[in-house]
Every structure is written in structure tokens, then in C-alpha cells.
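Spelled out, the chains give:
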Amino acid sequence: MIALAFAAPALSDLRAALDDATLESAAILLCEPVLEGAQARILVKKAFVASDQDYLERSAVRVSLDPKFCLPIEKAAKQSGLSLVYVHTHPTVGHPDFSFEDDATEAKLAEYLSWRCPGVPHMALLFPKDAPARCRVLGSAQPVRVLEIGANLVAATEDSQQPDTDRFDRQIRAFGKDGQQRIAALQVGIVGLGGTGSIVAQQLAHLGIQRFLLIDPDEIEISNLNRVVGATPADVGQAKVAIAECMIRHIRSDADVVAIAGDITTRSVARRLSRTDFIFCCTDTHASRHTINQLAYQYLIPAIDLGVAIGASGDQTTIGSHVQMLAPNLPCLWCSNHLNAHRIREELMTEEQRTSDPYFENGAGVEQPAVISLNGTTASLAITMFLSAVAGIPSRPRYLAYDAVRGRMNALAVTANPDCPFCGPDSTLGVGDRAPLPGRPE
Ligand SMILES: [Zn+2]
Ligand SMILES: [Zn+2]
């Protein structure tokens, strides 16, 4: 499946700019293509909305753009290997789909682009009056999902798969058939299938997620059995992703699970997440969380980071956790002060580098306390935040801190650093494969 992703509020801005009560309007989008096998994620980079003088013809039923408007944009696409999206509106009710005339125009355009801007997919996007957006690969019937990513993940196109209304009856009563449909359409990535990740996987499978991508390099150890949901003594020595896959299949026999027993700080492994629609970061190292943080903004894939802490310093005891969503317009983990550059450097060192580095402190090597009840609370907070972002349940916070000692839950507000290289306006936000991911190359 191909997804066309806008960083919020670019999609709403585009719709507003094209709004005209009587005449068709048009625009062309320049996009960064991220190709991953048969799947692709097309990241909208810039929108060019036609002004009055850019139309050769414009009426209630037809629109045609002046080549003087199109050619420079097509040239820019050719030079940088970018995808083009041709956008138009149907301003009157009752024309919810592409017309025969659209089919004919697109066929010619697709033929022209096959030699003018080859090697990347191009698309046609239609905004019909009072109906969901339609998008397809230019000159074909292949559908494209259109998403706007911000504090909410908004799908502008309709998801075709109908939910199982018997199985999900009680959920449909909570967030409607539309909400259930939106959940079911997503492929979710879970990084870390230990204490929190296994509970996240279990809840998502119950909720109706069918497609999963699981990443964890570790195997089940005897000391994990106190908290990894789905693991039994017989599983010691098995990959954590295999145990999670098995648990998901017990809940949903039709699940489509890709299990990768690899390390997210290896770039080729992290890049696999570019095919997902939503990521849960359930790891406990700074390097892995830094990777997911950057990836979420760079590939416009919303993520939720879960952090649990149990500790004591002097007579101060800490038992708590935080849950933070990462997406355009929300501050990243650097802006909320959750990452430490020194720790990232240490965690990415090879064994050889560690032994030869006089400053190596092995801060990451110490086993931390871990208790299932706190993991369960944290995973549940993250899943409720996910449901709010995806299915629209009215729960506003995108950054929560839970303090078990005082029995408090606080919605935190952090201001993003405008110069942040990961989430700021001049950052790697939305650049896709143009910037390298952190970590080791292979
Ligand atoms: Zn049309
Ligand atoms: Zn930031």
C-alpha cells in the first residue's frame, strides 16, 4: 500500500487554499518518496497552489493548468528524484470520484511522466465536495491512503476494510465504526518486546490491529518471566519477537506479523520501520530512543515513547513513568530533555571501543528494577493516547507523567526548541531518506 503523508497542518491548509464554491481548483505537490519493496511512503515537501493566472481553463467541471506553471515544478522533481501529486477539486456535491475525463487526462500525464520523471511513483489527489478525499497512483486504479500527521493521525481517504462488528461491538460503541476502521487499517511497529512492549502488543492485538512489525534483538531470560506477557519458562532462550508474535497469533489467527530479531540502532533495521503507520518505542536505551525519535519526525510516522523508572537516591524514592507522543507540532525527546548525548555515544560503542576508552562509565550496563504493574499502567496510558490520536477518543494529553509515590498523573507541556535539529522547522522533519538515520550502518 502507498501512503501520502502530510505534516500537520499542511493537508488542512491545502484544502483551505483550494476551497472555491463554484470553480474547480488545482495544485501540484512535490514529495519525497520513501520506497520499501512494494510499499511506499510519500512525504509531502511543498505545495504549489495555482493562482488565477495559472489556469488555461477553469470551470465548475473542468480545470487545466498552464504549462508555465507545471514545467518548473516537474523540472525540480526530475532533478531531485521527487514524486509529483496532481491535486484538483470537485466543487459541487454528487461527484465523489474521479471522472472519465480525469481518467483520460491522467493517462496522458502518466505516459509523459514515465519518461520525464521516471523511477518514482506519481499520484492524483481529488478533494470532492462533502466526501472523503480520493487518491490513486497516476493513471491507474491503485489506491493511495492520504494521512495528515500531527497530534492526531488523520486519514483523509476512506479505509476500505469493514470491521468485524461482532468481535469489536463493545469498542464500536466507544469510538464508532469509523474509529474501529481507522485502527484496523494501521500497520504498527513495536520496538522492544520486553516488559512494556509485550503488554502494548497484547493490547493492540485485542484492539483490532492486524499488521505488526516487531523489533527486538534479545532472547527471553529467566529474569524476564516476572513481566514479559506471553512468556513461560519453556520460552527461555527464544527470541522475544517470536514470543510476542506467538501471543499476537493466539489473539488474532489472521495477524500479519513481521518479526525482526535485530537492533534498532542498526540503520538497515530502523529503516524497516518506514513502512509502518505508528510506532511504539518500548526500549530502555538512549541510543534506541534517539533513533526512533529522529525516525518519527524524519519519515512523518507518529510514535509514542514509554519510559518507566523505579529508583532511590538518598531518602527520595521514584516510582513512575512517562508517555510522550512524537509527531510534527509536538516536542521531541530532545526538547523534553529525555535523551543524553553522552549515553548515546557510549551505547553505540563497540566492545573494542569501550575497553580502549578511558571515559567509558558503563552507565547502560546496570540492570534496572522492573515490575509488571508499573509497566501495565504505562502501556495502558500509551494505548489510550494512541486511541485518542487515531480513533478520536476525547483524551487530549500527548505527554503524561505518572508518579506512583504521590499518586499523581500530570499532563506536561514542553515548548519545542525552534532550532531543534529533529523536530524544528529547519530540521530533518519530513526529509525521508535524504538524511542518514543515527546508529551503525549495518
Ligand atoms: Zn475531476
Ligand atoms: Zn526537538
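Just so it is clear, the model here is predicted, and its values are computed rather than measured. In this numbering scheme, every chain counts its residues from 1 along its sequence in written order. Chains carry letters from A onward and ligands carry numbers from 1 onward, assigned in written order. Local features in this predicted model are restricted to residues whose pLDDT is 70 or higher, and side-chain atom pairs enter the listing and the counts only when it is 80 or higher, whereas totals over whole chains, interfaces and linings include all residues. Derived side-chain values reflect all non-hydrogen atoms in the structure, with water molecules and hydrogen atoms excluded from consideration.

Undergrad: What is the right way to read the pairing of strand β11 (residues 187-191) from this model?
TA: Regular strands have side chains that alternate between both faces of the sheet. Burial analysis of β11 places 5 of its 5 residues in the buried class, which makes it a mostly covered element. Partly exposed describes any residue whose relative accessible area lies between the buried limit of under 20% and the exposed limit of over 50%, with all areas from a 1.4 Å probe on protein chains only and scaled to the type maximum. Put simply, DSSP marks the helices as runs of H or I at least four residues long and the strands as runs of E at least two long, and each gets a number from the N terminus on. Taking every second residue as pointing to the same face, both faces of β11 are buried, with Gln 187, Gly 189 and Val 191 on one and Val 188 and Ile 190 on the other. Two strands pair when backbone bridges link them, and β11 and strand β12 (residues 211-215) are joined in this way by 5 bridges, in the parallel orientation. Counterpart to Gln 187 in the pairing with β12 is Arg 211. We call a crossover right-handed when, viewed with both strands directed away from the observer, the connection leading from the first strand over the helix to the second proceeds clockwise. Handedness of the β11-helix α5 (residues 195-207)-β12 crossover: right-handed. Pairing between strands is defined by DSSP: at least two bridges between them are needed. Here 4 bridges tie β11 to strand β14 (residues 278-281), and the two strands are oriented parallel to one another. Looking at the pairing, Gly 189 lines up with Ile 279 of β14.

Undergrad: Is there a simple way to explain the nonpolar core in this structure?
TA: For soluble globular proteins, nonpolar side chains are generally found buried alongside one another. Side-chain atoms within 4.5 Å link the members of a nonpolar core, which is a set of buried Ala, Val, Leu, Ile, Met, Phe, Trp, Tyr and Cys residues. Residues Ile 190, Leu 204, Phe 278, Phe 280, Ile 304 and Phe 386 are the most contacted members of the largest nonpolar core, which totals 80 residues. Ranked by residue count, the leading element in this core is helix α11 (residues 372-391), at 10 residues. Of the residues that make up this core, three or more belong to each of domain 1 (2-155) and domain 2 (169-434). Here, two residues are considered to be in contact whenever any of their heavy atoms come within 4.5 Å of each other. Those residues within four positions of Phe 280 in sequence are excluded, and the remaining contacts are Val 188, Gly 189, Ile 190, Val 191, Val 200, Leu 204, Ile 304, Leu 306, Ala 382, Ile 383 and Phe 386. Where each domain begins and ends follows an automated or database-derived domain assignment.

Undergrad: Hey, could you run me through the coordination of the zinc ion (ligand 1) in this one?
TA: In an ideal octahedron of six donors the angles at the metal are 90 or 180 degrees, and in an ideal tetrahedron of four donors they are 109.5 degrees. Counted as donors are N, O and S atoms no farther than 2.8 Å from the metal, or 3.2 Å for Na, K and Ca; water is not among the atoms, and sites may therefore look incomplete. For the zinc ion (ligand 1), the full set of protein donor atoms is His 88 (NE2), His 90 (NE2), Asp 102 (OD) and Asp 102 (OD), and the range of their distances to it is 2.0 to 2.5 Å. Geometry at the zinc ion (ligand 1) is irregular, judged from the 4 donor atoms that bind it and their angles of 57 to 163° at the metal. Along the chain, the residues that donate to the zinc ion (ligand 1) are spaced as H-x1-H-x11-D. Given the relative accessible area of 10%, His 88 is considered buried. A residue is classified by how much of its surface remains accessible, and His 90, at 7% relative accessible area, is buried. Between 85 and 135 degrees for all angles marks four donors as tetrahedral; over 155 degrees for opposite donors together with 65 to 115 for all other angles marks four donors as square planar and six as octahedral; every other arrangement is irregular.

Undergrad: Which parts of the structure should I look at to understand the environment of Met 247?
TA: Of note, Met 247 is situated in helix α6 (residues 240-251). For Met 247, the contacting residues outside a window of four places in its chain are Ser 198, Ala 201, Gln 202, Val 229 and Gly 230.

Undergrad: Can you help me understand the coordination of the zinc ion (ligand 2) in this one?
TA: Looking at the zinc ion (ligand 2), one finds its protein donor set to be Cys 332 (SG), Cys 335 (SG), Cys 420 (SG) and Cys 423 (SG), positioned 2.3 to 2.4 Å from the metal centre. Geometry at the zinc ion (ligand 2) is tetrahedral, judged from the 4 donor atoms that bind it and their angles of 100 to 122° at the metal. Look at Cys 423 and you get buried, because its relative accessible area is 14%.

Undergrad: I keep staring at the side chain of Arg 271 and nothing clicks. Help me out?
TA: Inspection of the secondary structure puts Arg 271 in helix α7 (residues 267-271). Among the residues examined, Arg 271 registers a relative accessible area of 19% and is labelled buried. Ignoring anything within four residues of it in the chain, the contact list for Arg 271 reads Val 34, Leu 35, Glu 36, Tyr 299, Asp 433 and Leu 437.

Undergrad: Sorry, what's going on with the packing of α5 against α6 here?
TA: How two helices sit against one another is set out by the angle between their axes and by the gap between those axes. Put simply, α5 and α6 touch, their axes get as near as 9 Å, and they point 20° apart. Considering their axes alone, α5 and α6 lie roughly parallel with respect to each other. Judged by the sense of rotation from one axis to the other, the crossing of α5 with α6 is right-handed. On the side of α5, the interface is formed by Ser 198, Ala 201, Gln 202, Ala 205 and His 206, while α6 contributes Met 247, Ile 248 and Ile 251. We call Asp, Glu, Lys and Arg charged. Ala, Val, Leu, Ile, Met, Phe, Trp, Tyr, Cys and Pro are nonpolar, and the rest, Gly among them, are polar. By residue class, the composition of the contact of α5 with α6 is 5 nonpolar, 3 polar and no charged. Here, axes are lines fitted to C-alpha atoms. For helices the fit covers the stretch in contact, and angles between N-to-C directions go from 0 to 180 degrees. Just so you know how the angles are binned, under 35 degrees is roughly parallel, over 145 roughly antiparallel, 65 to 115 roughly perpendicular, and the rest oblique. Crossing handedness is read from the near helix: turned anticlockwise from the far helix by less than a right angle, it gives a left-handed crossing, and turned clockwise, a right-handed one.

Undergrad: Would you explain the side chain of Ser 274 in this entry?
TA: Structurally, the position occupied by Ser 274 is in the loop between α7 and β14. On the accessibility criterion, Ser 274 (3% relative accessible area) is buried. By the criterion applied in these results, polar contacts are pairs of N or O atoms within 3.5 Å in which, for protein atoms, one can donate a hydrogen and the other can accept it, and in which residues neighboring in sequence qualify only through two side-chain atoms. A distance of 2.8 Å separates the side chain of Ser 274 from the backbone oxygen of Arg 271, its partner in a polar contact. Those residues within four positions of Ser 274 in sequence are excluded, and the remaining contacts are Val 34, Glu 36, Arg 41, Tyr 299 and Ile 301.

Undergrad: How should I be thinking about the domain arrangement of the protein chain in this particular structure?
TA: Size of an interface, as often reported, equals the accessible area lost when the parts are brought together. Its domain assignment divides the protein chain into domain 1 (2-155) and domain 2 (169-434). Using C-alpha coordinates to define each centre, domain 1 is positioned 34 Å away from domain 2. Every contact between the two is made by 22 residues of domain 1 and, on the other side, 29 residues of domain 2. In short, buried area is how much 1.4 Å probe accessible area vanishes from two parts on joining, totalled over both. Sorting the residues of domain 1 by area buried against domain 2 places Glu 36, Arg 41 and Leu 153 first, and these three jointly supply 29% of that buried surface. Here, a salt bridge means any side-chain nitrogen of Lys or Arg that lies within 4 Å of a carboxyl oxygen of Asp or Glu. Taken together, domain 1 and domain 2 are joined by 5 salt bridges. In this structure, Glu 36 and Arg 275 form a salt bridge, with 3.9 Å as the shortest nitrogen-oxygen distance. Seen at the junction of domain 1 and domain 2, the total is 11 residue pairs in polar contact (both at pLDDT 80 or more). In the side of domain 1 that touches domain 2, the residues fall into 13 nonpolar, 5 polar and 4 charged.

Undergrad: Which parts of the structure should I look at to understand unusual backbone geometry?
TA: Where the residue is not glycine, phi is negative for most of them; where a peptide bond is considered, it is trans in most cases. The omega torsion of the bond from Ala 8 to Pro 9 falls at 5°, within 30 degrees of zero and hence cis. One non-glycine residue, Asn 329, adopts positive backbone phi at about 80°. As for its position among the elements, Asn 329 is in the loop between β16 (316-326) and α9 (341-347). Given a relative accessible area of 59%, Asn 329 falls into the exposed group. Phi is positive for Asn 337, which is not a glycine, with a value near 65°. Along the chain, Asn 337 turns up in the loop between β16 and α9.

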